[in-house]
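# Structural overview
Spelled out, the chains give:
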Amino acid sequence: MDSVGDTRVKSVNTYLSSAEFCSNQEKKKPGEICKDPKFIVGGADRTDICQGQLGDCWLLAAIASLTLHKEILTRVVPPDQSFDLGYAGIFHFQFWQHNRWLDVVIDDRLPCVRNSLVFLHSAENNEFWSALLEKAYAKLNGSYEALKGGSTLEAMEDFTGGVGETYETKKAPADLFIILKKALDRGSMLGCSIDITSSAESEAQTSTGLVKGHAYSITGLEEVNYRGGKVRLIRIRNPWGQVEWNGPWSDNSREWNNADKADKIRLLENATDDGEFWMEFEDFKVNYDKVELCNLTPDSLTDDTKKKWVMNILEGSWIRGSTAGGCRNYIDTFWTNPQFKLKLEEPGKDNQCNVIVALMQKNRRKLRKEGLDLETIGFAIYQCADHEDHADKDFFRFNGSKARSRTYVNTREVSERFTLPPGNYLLVPTTFQPHQEADFLVRIFSETKAGTLEMGTTVDANLPDPPMPTLPEKETDEEKGLRKLFEQIAGSDQAISAHELQDVLNGVLSRRKEIKFDGVSLNTCHSIINLMDVDCSGMIEFQEFKVFWEKLKKWMMLFLSFDTDRSGRMSTYEPVCSQGSRDATE
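Residues numbered from 1 in each chain as written. Predicted model: local features only at pLDDT ≥ 70, side-chain atom pairs only at ≥ 80, totals over all residues. Heavy atoms only, no water.

## Here's the deal with the sheet that holds strand β20 (residues 450–454)
Overall, antiparallel pairing links the five strands, which are arranged β16-β15-β18-β13-β20 in an open sheet. Taken across any chain shown, the strands that pair with only one partner, and hence form the sheet edges, are β16 (403–404) and β20. Where strand β13 (residues 340–344) and strand β18 (residues 423–431) come together, five bridges link them in antiparallel fashion. Following the sheet pairing, Lys343 is matched in β18 by Asn424. (Pairing = 2+ DSSP bridges. Helix = DSSP H or I, 4+ residues; strand = E, 2+ residues; numbered from the N terminus.)

## Some remarks on the pairing of strand β7 (residues 189–193)
Counting buried residues in β7 gives five out of five residues, a clear majority hidden from the surface. Judged from the five bridges that link them, β7 and strand β11 (residues 290–295) form a sheet pairing that is antiparallel. By the bridge assignment for β11, Gly191 is matched with Glu292. Inspection of the sheet shows β7 paired to strand β8 (residues 215–226) by three bridges, in the antiparallel sense. Across the sheet, Gly191 pairs through a bridge with Ser217, a residue of β8. (Buried < 20%, exposed > 50% of the residue type's maximum accessible area, 1.4 Å probe, protein only.)

## A word on the packing of helix α3 (residues 57–66) against helix α5 (residues 129–141)
Geometrically, a packed helix pair is captured by the angle between its two axes and the distance between the axes. Look at α3 against α5: their axes get within 12 Å of each other, and the N-to-C directions meet at 125 degrees. Taken together, the axis directions place α3 and α5 in an arrangement best described as oblique. Judged by the sense of rotation from one axis to the other, the crossing of α3 with α5 is right-handed. Counted together, Trp58, Leu59, Leu60 and Ile63 of α3 and Trp129, Leu133, Glu134 and Tyr137 of α5 form the full contact between these two elements. Here the residues of the contact of α3 with α5 are counted per class, giving seven nonpolar, no polar and one charged. (Axes fitted to C-alpha atoms, helices over the stretch in contact; angles between N-to-C directions. Parallel < 35°, antiparallel > 145°, perpendicular 65-115°, else oblique. Left-handed = near helix turned anticlockwise from the far one by under 90°. Contact = heavy atoms within 4.5 Å. Nonpolar A, V, L, I, M, F, W, Y, C, P; charged D, E, K, R; others polar.)

## Focus: the nonpolar core
Counting residues in each nonpolar core, the largest one holds 50 residues, and the members touching the most others are Leu59, Phe93, Phe95, Leu132, Tyr137 and Phe159. Every element with two or more residues in this core is listed here: α3, α4 (70–76), β2 (90–97), β3 (100–107), β4 (110–113), α5 and α6 (152–160). When residues in this core are grouped by element, the largest group, nine residues, is from α3. Excluding its chain neighbours within four sequence positions, the residues that come into contact with Phe95 are Val76, Arg100, Trp101, Leu102, Val104, Leu133, Ala136, Tyr137, Leu140, Asp158 and Phe159. If you look at the next biggest cluster of nonpolar residues, it comprises 27 residues, including Cys192, Ile234, Phe281 and Leu293. (Core = buried A, V, L, I, M, F, W, Y, C linked by side-chain atoms within 4.5 Å.)

## Structural notes on the sheet that holds strand β12 (residues 310–318)
Taken together, the four strands give an open sheet; going across it, the order is β12-β19-β14-β17, and neighbouring strands pair in antiparallel fashion. Whereas interior strands pair on both sides, the edge strands pair on one side only; in this sheet they are β12 and β17 (413–420). Neighbour-to-neighbour, the strand axes of this sheet turn through a mean angle of 15 degrees, independent of strand direction. Where strand β14 (residues 353–361) and strand β19 (residues 438–446) come together, seven bridges link them in antiparallel fashion. Counted as the bridge partner of Val357 is Ile444 from β19.

## Overview of the side chain of Gln361
The residue Gln361 is located in strand β14 in this model. A distance of 2.8 Å separates a polar side-chain atom of Gln361 from the backbone oxygen of Glu375. Only 2.8 Å separates the side chain of Gln361 from the backbone oxygen of Thr411, close enough to count as a polar contact. Every residue in contact with Gln361, bar those within four places of it in the chain, is listed here: Leu374, Glu375, Ile377, Thr411, Arg412, Asp439 and Phe440. (Polar contact = N/O pair within 3.5 Å; in protein donor to acceptor, adjacent residues only side chain to side chain.)

## Considerations on the packing of aromatic side chains
The tally for this structure, following the rule as stated, stands at 31 aromatic pairs. Look at Tyr87 and Phe91: their rings are 6.4 Å apart centre to centre, the planes differ by 45 degrees, and that puts the pair in the tilted class. On the numbers, 5.1 Å between centres and 80 degrees between planes, the contact of Phe177 with Phe281 is edge-to-face. Here Phe177, found in helix α7 (residues 176–185), pairs with Phe281, found in helix α9 (residues 281–287); they are 104 residues apart in sequence, far enough to count as distant. With relative accessibility at 6%, the residue Phe177 sits in the buried group. Members of the aromatic cluster, joined through ring pairs, are Phe39, Phe83, Tyr87, Phe91, Phe93 and Phe128. Positioned over the ring face of Trp101 is Arg75, at 3.9 Å from the centre of the ring. (Phe/Tyr/Trp six-rings, centres within 6.5 Å; stacked < 30°, edge-to-face > 60°. Lys NZ or Arg CZ within 6 Å of the ring centre and 35° of its normal.)

## Focus: the pattern of salt bridges
Where charged atoms of side chains with opposite charge meet at close range, the side chains can pair. This model, assessed by the stated rule, comprises 29 salt bridges. We note a salt bridge from Lys38 to Asp84, for which the minimum N-O separation is 3.7 Å. Placement of the pair is Lys38 in the loop between α2 (30–33) and α3 and Asp84 in the loop between α4 and β2, with a sequence separation of 46 residues. Note that Lys546 is salt-bridged to Glu479, the shortest N-O span being 3.2 Å. (Salt bridge = Lys/Arg side-chain N within 4 Å of Asp/Glu carboxyl O.)

## Digging into the UniProt feature "active site" (unreviewed entry) in the chain
UniProt tags Cys57, His214 and Asn238 as "active site" (unreviewed entry). These annotated residues cover 182 residues of sequence, but their C-alpha atoms sit close together, with the largest distance between any two at 8.5 Å. Looking at the element boundaries, Cys57 is found in helix α3. Following the sequence through the fold, Asn238 ends up in the loop between β9 (229–237) and α8 (261–267). Look at Asn238 and you get buried, because its relative accessible area is 0%. Apart from residues lying up to four places away in sequence, Asn238 is in contact with Val211, His214, Tyr216, Val243 and Gly275. (UniProt positions renumbered as here; feature names shortened; annotations may be inferred.)

## Brief notes about helix α13 (residues 498–509)
In this model, α13 (twelve residues) spans 16 Å end to end at C-alpha, consistent with the 16 Å of a helix rising 1.5 Å per residue. For α13, the set of buried residues is Ala498, Leu501, Gln502, Val504, Leu505 and Leu509. Of the surrounding secondary structure, the elements contacted by the buried residues of α13 are α12 (477–490), α14 (522–532) and α15 (542–562). (Expected span 1.5 Å × (residues − 1).)

## Quick look at unusual backbone geometry
Phi angles above zero are rare outside glycine, and His98 is one such case at about 55 degrees. The residue His98 is located in the loop between β2 and β3 in this model.

Written out as structure tokens, the structure is:
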């Protein structure tokens with residue numbers, strides 16, 4: 001599988017199967033593969049990246065872009081490592097993960113078949129920085145297997161900590177060439193791909209030499225003089241290290257014969273079948289479908305203004321039966337999703353605030369081995385009052401969103417750029433379907449100061465004092481019956497232990513036919529005693545037992561009143577559903 005974006009389909013006969021690979025491979029140190037191994041030969045370059053048997057072209061496209069930015073490359077691939085002085089058989093690399101930089105240390109044993117590297121390798125047989133980088137990234141994500149299929153933008157963000165944006169070439173703004181040129185000039189990393197409609201198209205090569213469902217990197221944009229006019233060109237690299245565009249402006253096309261000689265020499269210097277090629281920008285928009293762009297800063301690429309951005313980090317989890325409410329199509333549960341208050345102040349020009357929201361699901365690649373994959377995610381933003389309460393279902397039933405992600409998609413991160421008036425907003429990150437569990441990170445970039453707060457974190461309760469004991473001679477018949485029950489259970493010490501409480505609760509609740517009852521655990525009984533044990537004796541005395549019994553009756557009445565389907569069980573959402581429901585979309 002060698003897919004990009006949210007497309008994950010199996011490639012036929014492209015790579016070794018797991019069984020084939022395991023039966024043939026062995027791990028060797030670089031010194032066992034060649035006589036004079038080097039970490040980097042003549043500088044780390046995009047031509048050092050040739051894809052092997054692993055379907056991770058998305059990662060290789062990001063690495064190719066990384067080599068264009070030496071300062072960033074130096075952080076990810078510390079250059080002060082070698083196979084010479086101080087060599088100890090280990091190397092280290094740095095990756096950005098969930099708003100922090102991690103140092104990943106690996107040994108230098110690499111998978112080989114017949115003394116050749118199986119996965120990522122350099123065109124130079126004795127150069128190993130790229131192969132070791134791939135191994136470190138595989139360790140970060142759990143295994144080599146975990147790297148099959150992905151988005152170039154994912155790896156770009158892990159190399160930079162930047163914020164990603166996506167452009168669809170068929171719906172792109174008219175000045176897309178200028179946007180991409182400015183992005184490269186500002187140090188942004190760019191990738192592109194061609195969509196597929198079925199698994200049969202995965203890795204399918206077109207008659208023009210392009211490969212569908214395959215991740216490419218964008219390495220240059222130029223304007224050249226051609227027949228008295230200007231032609232805009234884009235340079236693209238195939239991480240395979242071969243298979244190139246054979247249309248206009250390819251390496252040996254006749255268009256170069258009519259181009260300015262200086263431009264031809266400058267742009268075609270050392271042109272070989274290395275997987276990198278030029279094509280006219282209009283042909284690029286026709287043939288490619290998506291451009292993924294990772295900005296080191298959130299500065300807009302549509303103007304020349306550079307700004308100092310403020311970033312807020314929020315973290316949370318979607319938990320089944322609790323905070324995994326799904327998108328707004330599921331209005332009865334949508335309100336249970338995590339909610340974050342966003343206060344936008346100090347507007348810029350036109351009394352508007354520029355904001356970028358990036359929602360990222362965490363650790364999904366690592367969880368593949370447990371049968372979990374990327375969830376389909378998105379978010380919505382609502383204008384709200386200046387309060388700190390978790391909004392209820394009625395709020396979302398009667399208020400539409402002011403902004404939202406364009407679509408729900410199963411990528412690691414969804415990001416959008418918005419222009420909003422100053423005020424108070426509610427950000428609701430969600431999975432598309434309810435009950436889907438995942439951890440997430442939200443990054444909010446704003447040009448001016450913005451306040452953030454998780455809703456529902458303020459708890460204020462005015463609890464009444466416990467009731468005074470009732471004198472035995474003034475007890476009601478019900479209280480006398482309860483005392484008799486207590487004395488039978490408690491025995492001579494006149495106190496109930498966790499085991500005794502378990503016996504009485506199992507006996508009483510098992511007779512209630514309207515409640516599905518599987519038994520009260522001993523841990524639950526210990527928790528009840530910890531809650532009700534006012535004098536800290538470790539047991540429940542009669543007055544404490546009487547308070548607990550009154551609470552138990554109220555809890556059972558509440559349960560029965562909200563068990564609307566009379567199933568004997570109540571979900572987290574059933575109290576809300578009992579108020580009525582309606583299907584709503586935005």
